[in-house]
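One-letter residues, chain by chain:
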Amino acid sequence: MFLSSLFTFNKIKVFALVGESGTGKSFRAKLIAQKYEIEYIIDDGLLIRDNRILAGHSAKKEKSFMAAVKVALFDEKAHRDEVAKKLQGEKSRKILVLGTSDKMVNKIASRLQLPAPSKYIKIEDISTQDEIDRAIRTRRIEGKHVIPVPSIEVKRSYPNIFYNAIRIFQKKSSPVSISPAGIGPTPSVHEKSVVRPIFSKRGKVIISEAALSQMVIHCVDEYNRAIKIKKISVKDDNMGYRLVITIDVPYGIQLGGNIHELQQYIIDNIERYTGILIEEVNIIIDKITETNKVS
């Protein structure tokens, strides 16, 4: 069954829409899907086709920000298996995956057994800076999020977080068809639902540099107690966290393989237990220390 799934999914062309949280990706997803004739959208834990939610559950119904991130990343096996099975049954050809970074969309594609995206679309390429700034203000000040399906679909599945509905009218340039007013282009209507997640009402949860540093110390200690940390630098650029770790290692440690394994160990553990994305872990080896010899 797994081989059959891979065979089917290898025929799919995956598109990625990438942008920081709150910049308007969900708002513009349907327009991108229409432009590239994409049938399916993966957004915040949901599989969407046309105006229907086919499978999954929305990250926006979660009570905490961290839980929402995990849902968006399909962290739970039952969740990703449900969506992957539905996709296989649908025999889809094109799918649009939304994410805050290239790494996020790649991780979602991998977890759903999809091929890596063949085209990455940045939100800056399809929105003006003014539009992005307005979207960010709406997210930060009012806590509003968008689900790219009609209100009737969201009210049925998530009535406790539904807020409002908006409609976008877009004229089709071709082909020319008969509209109610006469001959001319028929506008297409995209209805989107505005929701206010519970975690949005409570405010954002931020992991401090000190807390992340403690996680790194714990990971390194679990991996090899002989490795000593001298300095940890944490940077959050809204696309994920970037860590720079300066260490001393004992003589005899294989620097290539073991250090690369340590990098992956830190990434896997922090992402698993927090739901946040680690974009980079850069390790600087400051000293090679002598091992204590027993006489």
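All chains use their own residue numbering, which begins from 1 and follows the written sequence. Only residues with pLDDT of 70 or above have their local features reported here, since the model is predicted, and side-chain atom pairs are shown and tallied only from 80 upward, although totals for entire chains, interfaces and linings are computed over all residues. Excluding hydrogens and water, the side-chain values take into account all heavy atoms of the structure.

1. With respect to the nonpolar core
Okay, so step 1: Residues grouped as a nonpolar core are buried Ala, Val, Leu, Ile, Met, Phe, Trp, Tyr and Cys residues, joined through side-chain atoms within 4.5 Å. Exposed residues in this analysis have more than 50% of their type's maximum accessible area, buried residues have under 20%, and partly exposed residues fall in between, with area computed by a 1.4 Å probe over protein chains only. Ranked by internal contacts, the top residues of the largest apolar core, which has 27 residues, are Ile42, Leu47, Val83, Ile95, Ile108 and Leu114.
Okay, so step 2: The numbering of helices and of strands both runs from the N terminus, where a helix is a DSSP run of H or I of at least 4 residues and a strand a run of E of at least 2. Mapped by element, the contributors of at least two residues to this core are strand E1 (13-18), strand E2 (40-43), strand E4 (52-56), helix H3 (65-72), helix H4 (77-90), strand E5 (94-99) and helix H5 (102-111).
Okay, so step 3: Contacts were defined at the residue level, with two residues in contact if any of their heavy atoms lie within 4.5 Å. Not counting the four nearest positions on each side in its chain, Val83 is found in contact with Ile42, Leu47, Ala55, Gly56, Phe74 and Leu112.
Okay, so step 4: The next biggest cluster of nonpolar side chains, apart from the first, holds 24 residues, and it includes Leu243, Ile267, Ile270 and Val281.

2. Examining H4
Okay, so step 1: Take the residue count of a helix, subtract one, and multiply by 1.5 Å to get its expected span. The end-to-end C-alpha distance of H4, which contains 14 residues, comes to 20 Å, matching closely the 20 Å that a straight helix rising 1.5 Å per residue would cover.
Okay, so step 2: Taken residue by residue, H4 has His79, Val83, Ala84, Leu87 and Gln88 as its buried positions. For H4, the angular spread of the buried residues around the axis is 160°, confining them to a single face. Opposite its buried face, H4 presents the exposed residues Lys77, Ala78, Lys85 and Gly89, each directed more than 90 degrees away.
Okay, so step 3: In the stretch just after H4, Lys91 is the one whose phi turns positive, near 55°. What the arc covers is the set of directions going from the helix axis to the C-beta atoms.

3. Details of the pairing of E4
As a general feature of sheets, a regular strand has side chains that alternate between the two faces.
Okay, so step 1: Of all five residues making up E4, four are buried, and the element is well covered by its neighbours.
Okay, so step 2: At least two bridges found by DSSP between two strands are what make those strands a pair. When strand E3 (residues 46-49) meets E4, the two strands line up antiparallel, connected through four bridges. Looking at E4, one finds that Leu47 is bridged to Ala55.
Okay, so step 3: With antiparallel pairing between neighbouring strands as the criterion, E3 and E4 make up a hairpin whose turn holds two residues, including Asp50 at a positive phi of roughly 55°.

4. Things to note about the side chain of Ser101
Okay, so step 1: Its location among the elements puts Ser101 in the loop between E5 and H5.
Okay, so step 2: Here Ser101 falls in the buried class, since its relative accessible area comes to 2%.
Okay, so step 3: Any N or O atom pair separated by 3.5 Å or less is treated as a polar contact, with the protein-specific requirement of one donor-capable and one acceptor-capable atom, and with residues adjacent in sequence counted only for side-chain atom pairs. Polar side-chain contacts of Ser101 include one of 3.1 Å to the side chain of Glu279.

5. With respect to the environment of Glu271
Okay, so step 1: Within the secondary structure layout, Glu271 lies in helix H11 (residues 255-274).
Okay, so step 2: Between the C-alpha atom of Glu271 and that of Asp75, which follows or precedes it by 196 residues, the distance is 9.7 Å.
Okay, so step 3: Once residues lying within four places of it in the same chain are set aside, the contact partners of Glu271 are Lys103, Lys107, Ile276, Leu277 and Ile278.
Okay, so step 4: A distance of 3.0 Å separates the side chain of Glu271 from the backbone nitrogen of Ile278, its partner in a polar contact.

6. So, the sheet that holds E1
The strands that make up a sheet are held in pairs by hydrogen bonds between backbone atoms, and each pair lies either parallel or antiparallel.
Okay, so step 1: Taken in spatial order, the six strands make up an open sheet running E4-E3-E2-E5-E1-E6, and their pairing is mixed. Single-partner strands in this sheet number two, and they are E4 and strand E6 (119-122). Geometrically, the sheet is characterised by an average inter-axis angle of 25° between neighbouring strands, direction not taken into account.
Okay, so step 2: Here four bridges tie E1 to E6, and the two strands are oriented parallel to one another. Looking across to E6, one finds that Val18 is bridged to Lys122.
Okay, so step 3: What counts as an axis is a line fitted to C-alpha atoms, over the stretch in contact for a helix, and the angles between N-to-C directions run from 0 to 180 degrees. Sitting on the sheet, H4 touches E2, E3, E4 and E5, and the angle it makes with E4 is about 125°.
Okay, so step 4: Across the sheet, H5 lies against E1, E2, E5 and E6, angled at about 130° from E5, the strand it touches most.

7. Focus: the confidence of the model for the protein chain
Okay, so step 1: Confidence of the predictor in every single residue is expressed as pLDDT, which spans 0 to 100. On average, residues of the protein chain score 80 in pLDDT, and 75% of them reach the 70 mark or higher.
Okay, so step 2: Across residues 1-7 the pLDDT falls below 50, and counting only partners more than four positions away or on other chains, this stretch makes five contacts in the model.
Okay, so step 3: Counting contacts from residues 173-187, a segment whose pLDDT is below 50, to residues more than four positions away or on other chains yields 18 contacts.

8. Brief notes about a nonpolar patch on the surface
Okay, so step 1: Within this analysis, patches are made of residues with over 30% relative accessible area and no salt bridge. Like charges are joined at 9 Å or less; nonpolar side chains (Val, Leu, Ile, Met, Phe, Trp, Tyr) at 5 Å or less. Only the protein chains shown count as cover for residues, and the accessible areas themselves come from Shrake-Rupley with a 1.4 Å probe. Counted as salt bridges are all cases of a side-chain nitrogen of Lys or Arg within 4 Å of a carboxyl oxygen of Asp or Glu. Side chains of Tyr251, Ile285 and Ile288 sit close together on the surface and give an oily, nonpolar patch of about 320 Å² of accessible area.
Okay, so step 2: Structurally, the position occupied by Ile288 is in strand E14 (residues 278-289).
Okay, so step 3: On the accessibility criterion, Ile288 (45% relative accessible area) is partly exposed.

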